[in-house]
Amino acid sequence: FPGTTLNLLKFPIINPTCDRIFRRQERLKAEAEKTEDQLSNEEIKYLSHLKKQGYLVGEVGRTFQRPKPSRVVDFDPDALSYSVDEDPGCPPQKHEEKEEFTYNEVKDARWCFDTPGIAKEDCVLNLLTEKEVKLVLPTHAIVPRTFILKPEMVLFLAALGRIDYLQGEKPAWFSVVASNLLPVHVTTVSEADAIYEKYAGKELLKVPMGGEERMKEFPPLIPQDITLEGIGTTEAVADIKLSSAGWVAVTAHPQEKLLLRAYTPKGTALVVREPPLLPYICNIRGARIAGTAAYRTKKPPSLVENLKTTGSR
């Protein structure tokens with residue numbers, strides 16, 4: 001199942017003695033002085049690839065790694081020769097010894113165990129087909145999508161979640177953090193039910209997919225009222241988590257009281273997360289798209305850890 005650990009993992013946490021801490025600081029200091037100009041062509045290519053996939057790029061180094069012995073090619077002409085009556089086959093592979101920790105490395109260590117994950121009963125992924133799950137679970141870095149809504153407006157995240165802005169004095173910003181393959185549709189409260197009935201299971205809302213027959217077996221959306229009070233136009237007050245489909249960060253004017261109604265499919269979890277995970281995500285947006293509630297998307301710059309910035313960058 002996506003997101004679960006398939007087996008029990010065990011690894012040591014080495015006792016941080018003064019000597020080990022000093023050696024680790026020396027390694028980190030040396031790595032921080034490294035620039036892109038000092039990287040090999042292969043490392044630069046790999047770094048560029050990672051920047052396209054995510055926002056945070058870095059490498060977890062090892063201070064106490066033992067140097068690996070140079071590999072010696074064992075050439076055996078007798079093993080490579082064969083008679084006309086024999087089929088040429090691959091020579092038997094030699095068993096490679098697994099690298100083990102020494103006694104001194106683990107005698108003062110503590111052990112961390114990562115256990116297999118569990119499938120949550122209230123997860124929306126349990127309701128989806130394999131094809132639909134591939135659209136919901138992001139495979140690339142998520143680019144946030146921000147919309148400005150007035151009271152009596154509605155935001156759909158595919159047909160998996162819905163947020164109604166019922167009462168408030170001023171517009172508020174709703175930043176969607178979900179797979180960019182999931183469509184976001186903004187409409188009014190008066191038209192929302194009709195749009196869901198007409199387009200759920202079809203291309204406009206995309207997930208679920210399969211038309212009326214698919215929606216007959218899909219559970220209905222269940223509402224939950226939410227009251228929030230804004231803290232500023234640049235900082236979100238809370239996240240509305242629509243099960244595993246994604247979440248929406250809500251940003252409102254200071255002391256502005258909002259009455260929202262959020263929907264998720266029956267049997268799935270709807271969570272209000274306070275404080276929000278990414279409080280300033282509303283600021284990661286482009287210019288307003290004229291005639292719509294949407295802002296142009298803006299991909300955050302990649303953050304490169306353990307690499308010194310050069311003047312040319």
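See the structure above.
Described in the following lines is the structure provided in the data block.

About the thresholds
- Residues numbered from 1 in each chain as written.
- Predicted model: local features only at pLDDT ≥ 70, side-chain atom pairs only at ≥ 80, totals over all residues.
- Heavy atoms only, no water.
- Buried < 20%, exposed > 50% of the residue type's maximum accessible area, 1.4 Å probe, protein only.
- Helix = DSSP H or I, 4+ residues; strand = E, 2+ residues; numbered from the N terminus.
- Arc of directions from axis to C-beta.
- Core = buried A, V, L, I, M, F, W, Y, C linked by side-chain atoms within 4.5 Å.
- Contact = heavy atoms within 4.5 Å.
- Pairing = 2+ DSSP bridges.
- Axes fitted to C-alpha atoms, helices over the stretch in contact; angles between N-to-C directions.
- Patch = residues over 30% accessible without salt bridge, like charges linked within 9 Å, V, L, I, M, F, W, Y side chains within 5 Å.
- Areas by Shrake-Rupley, 256 points an atom, 1.4 Å probe, with all protein chains shown as cover.
- Salt bridge = Lys/Arg side-chain N within 4 Å of Asp/Glu carboxyl O.
- Phe/Tyr/Trp six-rings, centres within 6.5 Å; stacked < 30°, edge-to-face > 60°.

1. Examining helix α6 (residues 189–199)
Alright, step 1. Within the sequence span of α6, burial applies to Ala192, Ile195 and Tyr196. Within α6, the buried residues cover an arc of 100° as seen down the axis, which keeps them to one side. Turned more than 90 degrees off the buried face of α6, the exposed positions are Ser190, Ala194, Glu197 and Lys198.
Alright, step 2. Backbone geometry just downstream of α6 places Gly201 in the positive-phi region, at approximately 90°.

2. Some points on the nonpolar core
Alright, step 1. Residues Leu160, Phe174, Ile240 and Leu260 are the most contacted members of the largest nonpolar core, which totals 50 residues.
Alright, step 2. Of all the elements, strand β5 (residues 153–157) adds the most residues to this core, at five residues.
Alright, step 3. Sequence-distant contacts of Ile240, that is, excluding residues within four places in its chain, are made with Ile163, Ile226, Gly246, Trp247, Val248, Val250, Leu260, Ala262, Leu270 and Val271.
Alright, step 4. Val177, Ala236, Trp247 and Ala249 belong to the second-largest nonpolar core, a separate cluster that totals five residues.

3. Here's the deal with the sheet that holds strand β7 (residues 172–177)
The strands making up a sheet associate through backbone hydrogen bonding, with each pair oriented either parallel or antiparallel.
Alright, step 1. One open sheet holds the five strands; their spatial order is β4-β7-β11-β10-β13, and the pairing between them is antiparallel. Among the strands making up the open sheet, the edge pair consists of β4 (145–149) and β13 (270–273). With strand direction ignored, the average angle separating the axes of adjacent strands in the sheet is 20°.
Alright, step 2. Pairing geometry for β7 and strand β11 (residues 247–251), over five bridges, is antiparallel. Counted as the bridge partner of Ser175 is Ala249 from β11.

4. Things to note about a nonpolar patch on the surface
Alright, step 1. Taken together, Leu8, Trp111 and Phe113 make up a surface patch of nonpolar side chains, about 320 Å² in accessible area.
Alright, step 2. In this fold, Leu8 is placed in the segment before β1 (9–13).
Alright, step 3. Taking the relative accessible area as the measure of exposure, Leu8 reaches 48% and is therefore partly exposed.

5. Here's the deal with the packing of aromatic side chains
Alright, step 1. Applying the stated criterion across every chain, the model contains two aromatic pairs.
Alright, step 2. Ring plane angle 15° and centroid distance 6.3 Å describe the contact between Phe156 and Tyr196, whose orientation is recorded as stacked. Of this pair, Phe156 sits in strand β5 while Tyr196 is found in helix α6, placing the two residues 40 residues apart along the sequence.
Alright, step 3. With a relative accessible area of 0%, Phe156 lands in the buried category.
Alright, step 4. Taking 6.1 Å as the distance between ring centres and 50° as the angle between the ring planes, the aromatic pair formed by Tyr165 and Phe174 counts as tilted.

6. Considering the pairing of strand β6 (residues 161–167)
Within a regular beta strand, the side chains point alternately toward one face of the sheet and then the other, so they alternate between its two faces.
Alright, step 1. The buried fraction of β6 is high, at six of seven residues.
Alright, step 2. Direction of pairing for β5 relative to β6: antiparallel, over a ladder of five bridges. For Met153, the partnering residue across the bridge sits in β6 and is Tyr165.
Alright, step 3. As consecutive antiparallel partners, β5 and β6 are separated by three residues, and within that stretch Ala158 has a phi angle of approximately 50°, a positive value.
Alright, step 4. Sheet topology note: the β6/strand β12 (residues 257–265) ladder contains five bridges and is antiparallel. Paired with Gln167 across the strands is Leu259, a residue of β12.

7. Structural notes on unusual backbone geometry
With glycine set apart, most residues show a phi of negative sign, and most peptide bonds adopt trans.
Alright, step 1. In this structure, Pro208 follows Val207 across a cis peptide bond, with omega equal to 0°.
Alright, step 2. Between Glu274 and the following residue, Pro275, the backbone shows a cis peptide bond with an omega angle of -5°.
Alright, step 3. Relative to the helices and strands, Pro275 is located in the loop between β13 and β14 (303–304).
Alright, step 4. Phi angles above zero are rare outside glycine, and Gln255 is one such case at about 60°.
Alright, step 5. With respect to the helices, strands and loops of the structure, Gln255 is situated in the loop between β11 and β12.
Alright, step 6. The exposure class assigned to Gln255 is exposed, which follows from its relative accessible area of 59%.

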